[in-house]
Structure formats: structure tokens, C-alpha cells
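Listed below are the residues making up each chain.
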Amino acid sequence: MDSSTSRRNFLKTAITLPAALAVGPSLLAASADTAPAPADSSVPLPMRTLGRSGRKVTMVSLGGMMAAYSPDYLDIAWSMGIRYFDTADCYINGQSEHRLGAWLAKYPERRKEVFIVSKDHPHQGPQQLLQMIDTRLAAIGTDHLDLFLIHGISPREYGDASLDWPKSDDFKRVVDQLKSSGKVKMVGFSCHDDWRAAYLMSAAQGGFLDAIMVKYTPFFTKGDVFDKALDACHQAGIGLIAMKTMRNTHDVPTRVPEFDKMGLEVHQALLHAVWSDERISAVCNMIDNVNQMQSSTDAARSYKEPLHASHVETLRQLILAGRRTMCPGCPACDSFGATSALAFQDIARFVTYYEQDGNRGARDMFHALAPAHRDFTSVDLAALRDRCAFGTDYPEIMKRAARYFV
């Protein structure tokens, strides 16, 4: 991962970290030109219960992909009330877990107060998680994970058989072994694939997984396939964590009058729209700098009631007017993805990582796709764009992918 872009974004809104930490979070907040941090910096953000586990998690989770992710940055997140930290085997060229571990080594007493998630890629099947867990624990320097996820489950990466893993006896036995060992408290998967509704339904039918992190925006149609899948998981007691929520807000206005009246910036209003869905326990956010962190944590503290449908529609229109590299999620894109070999949503995501995050590793992600999954020469991308509910410009995105990655 190219750290220069994220580091510049971080430094734009924070003074030198050692000095900032010495004087406390109030000065950091002032440097971001946002509302001040709470007077008692030890107070966690508001929490929600994650599924049937009964475990409480802060409504904002700090994602683990950004270059700013470091012991100092985690200190700031802690001071602002975040108690849920996300990471994975592959983030920041494998350094994300080690940076989290370095922070835990500084403050071992905090381990019992934080919810730690990591992920891995069991390409040989769920059984492989039994060996992978020891590597993940060693990298972080902890004796257990609060949640262990299969990373980015999809037919393209794990094969068609993976659609049945969440309801298979083999995976259930693995989950039971992991949890009985004491090395893992909860098990699940993350998913931003076109087949996400099918994976959610499979998990609901299996009934043994604890939590799922899923690509989510509040713009789905009530009663559609995705909504029914969320319902099924919620009713099965499976905790739901939203991700990729903010990925289509890169160029939306910071303020509009409708949300000014509510004391919210547009990005904060989008978080409120997600939390308006009671099935969602937390939003896993890639927070690049202190300004964004203050904005997100202020949003969590100010959330009191669901947004009105008219406000959600305002958000949808703002995103429609912006320049998107990812569809927020619509039936047309999902149905096309279920029938096409082209991994167009994955490619759009890699373009987003490259453009917005400066992530040079996106090129490797692109080339890790099978040739058939990245060949768009015979695909009618214009027709796909025209069917997309958000008009995502797939022809242009694929041109940029070819320029960046080929």
C-alpha cells in the first residue's frame, strides 16, 4: 500500500502526533476544526448489541486499511471513544495487525475493553481457519479474537461451493472448534460480492454463524432480495456490520441546508441513515484522518432517532449527482454480477482503492483475478451502466482500470 496519500490526508488535519497526544484530544479536535471531543475521553461511544452474542460494540469501528493506522492513531481513536478495531491478514502489506499489536503492548489493560476483529482467506475451505487463527493471534499479540471472519467470501475467490459454507456441517464443526478452544469468541464472514444476498440467506439457514460484515448502503428497496436477506440474518440472531458505506461520498458536498438544520454534515447524515436500520450494529469505517474521526464519532454521539425517509432520499440524490466508482448496491448490478464472469464490482472497488486511497496494492488485487474475471472486452458495459439504479459509469471505470492496472 502506498502510504503517502493517506499520510498526507492525516497530517492535513492533525498536528505532530507525539505533541498532540501529550496535550490530549481536545487540541486534536481543535486542529480538525470540528466540535470538541467529550470532556471525559474515557467514555466509549454509544454501543449496540451484536446479534445473539449479547456482546456490545461501539457504533463506529475503526477500519484497518489506512496508512495512518498506527499505535498513535489508535490512541486518538481510543480517546474519541472507539472500542472496536478492525484488521486483517493482508491490510497495509500485512502490517495492520502488527500495528494493532504494538498498541495493545503499550496498553495491555485495554484489551478487555476493546472488540478486535481480524480476517483470513481459507482458500482450501473453512477447515483451514483452524491453522490460520494461531497466525492471526501471533501477529496481533493477543490470546483471542472477538470476531474471526472469512475475508471477502465470493464464488470467484473461494469457488461456487462457498455459497453453501455458511450452512454446511463442516463449517459448523470448525466454528465449534474455534470457539471451544477459547481462541475466538465469534465467527463469521465479510462480503462485498454480487452474491451477498445469497451468502446472507445461506448463513441465516445455517444459523450457527455469529456475525457478518457486509457491503451496505441505506438505498435498497424495502422488500427486495437484499432486504429479505438482512431480515433473515437478523431473525437468526446473526450480528450485522456495515462496510463500504462511505465509499460513494468522496465528492458529495460537506453541507446542505436540510442537514444543517439537524446539526449534521452530509457524511454524518449518511451514518445516521445506516444506524436508522436497527438490524445494523456498527459501521466499519476507513477513517483517514483526525477530522474524519471526529466527524464520525460526533455522529455516533448525536444519533437519537431514525432519519426520515425524505432525508434518506436527499442523500441518495446527492450521491447520484457525484462521481462514483462503486455502485452503492442495486438489484441490476447484483443480478448482472450473478450471471457474468466479469468481476466488475471488484474491479470498481480496486479502482476506488487506487484513486481514493493511493493503494498501489490494488494493481496486485486486479491481477489476482482469473483472466476471465477481468476481461471486459465482450461485455456490454454501456447497457450495464444504463440499468444501474445509480448510473455507475462502468465503461469509464473499466477504461481507468486498464490504464492503472494493465
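Before reading on, note that the structure itself is shown above.
Residues numbered from 1 in each chain as written. Predicted model: local features only at pLDDT ≥ 70, side-chain atom pairs only at ≥ 80, totals over all residues. Heavy atoms only, no water.

Core analysis: the largest hydrophobic core is formed by 120 residues, its most contacted members being L62, F85 and F171. For this core, the element with the most residues is helix α12 (residues 266–275), which contributes seven residues. Counting residues in each nonpolar core, the second largest holds 14 residues, with L50, F115, V117 and M243 among its members. (Core = buried A, V, L, I, M, F, W, Y, C linked by side-chain atoms within 4.5 Å. Buried < 20%, exposed > 50% of the residue type's maximum accessible area, 1.4 Å probe, protein only. Helix = DSSP H or I, 4+ residues; strand = E, 2+ residues; numbered from the N terminus.)

Moving on, we come to the environment of L147. Residue placement: L147 occurs in strand β6 (residues 147–150). When the C-alpha positions of L147 and I212 are compared, they lie 9.7 Å apart, and in sequence the two are 65 residues distant. Among all residues touching L147, those that are not within four sequence positions of it are F115, I116, V117, S118, M186, V187, G188, A211 and I241. (Contact = heavy atoms within 4.5 Å.)

It is worth spelling out the pattern of salt bridges at this point. In this structure the tally under the stated criterion is 27 salt bridges. Here R136 and D120 are joined by a salt bridge, their closest N and O atoms 2.7 Å apart. With R136 in helix α6 (residues 129–140) and D120 in strand β5 (residues 115–120), this pair connects stretches of sequence that are 16 residues apart. Judged by its relative accessible area of 8%, R136 is buried. The buried category is assigned to D120, whose relative accessible area is 7%. The closest approach of N and O atoms between R173 and D170, which form a salt bridge, is 2.4 Å. Highlighted residues: R173 and D170, both in helix α8 (residues 169–180), separated by three residues, approximately one helical turn. (Salt bridge = Lys/Arg side-chain N within 4 Å of Asp/Glu carboxyl O.)

A word on the packing of helix α9 (residues 196–206) against helix α10 (residues 225–235). Two elements in contact, α9 and α10, have axes whose closest approach is 8 Å; the angle formed by their N-to-C orientations is 25°. By the angle between their axes, α9 is roughly parallel relative to α10. The two elements α9 and α10 meet at a crossing, and its hand is left-handed. Residues R196, A197, L200, M201 and A204 of α9 form the contact with α10, whose own contacting residues are V225, F226, K228, A229, L230, A232 and C233. When its residues are assigned to classes, the contact of α9 with α10 shows 10 nonpolar, no polar and two charged. (Axes fitted to C-alpha atoms, helices over the stretch in contact; angles between N-to-C directions. Parallel < 35°, antiparallel > 145°, perpendicular 65-115°, else oblique. Left-handed = near helix turned anticlockwise from the far one by under 90°. Nonpolar A, V, L, I, M, F, W, Y, C, P; charged D, E, K, R; others polar.)

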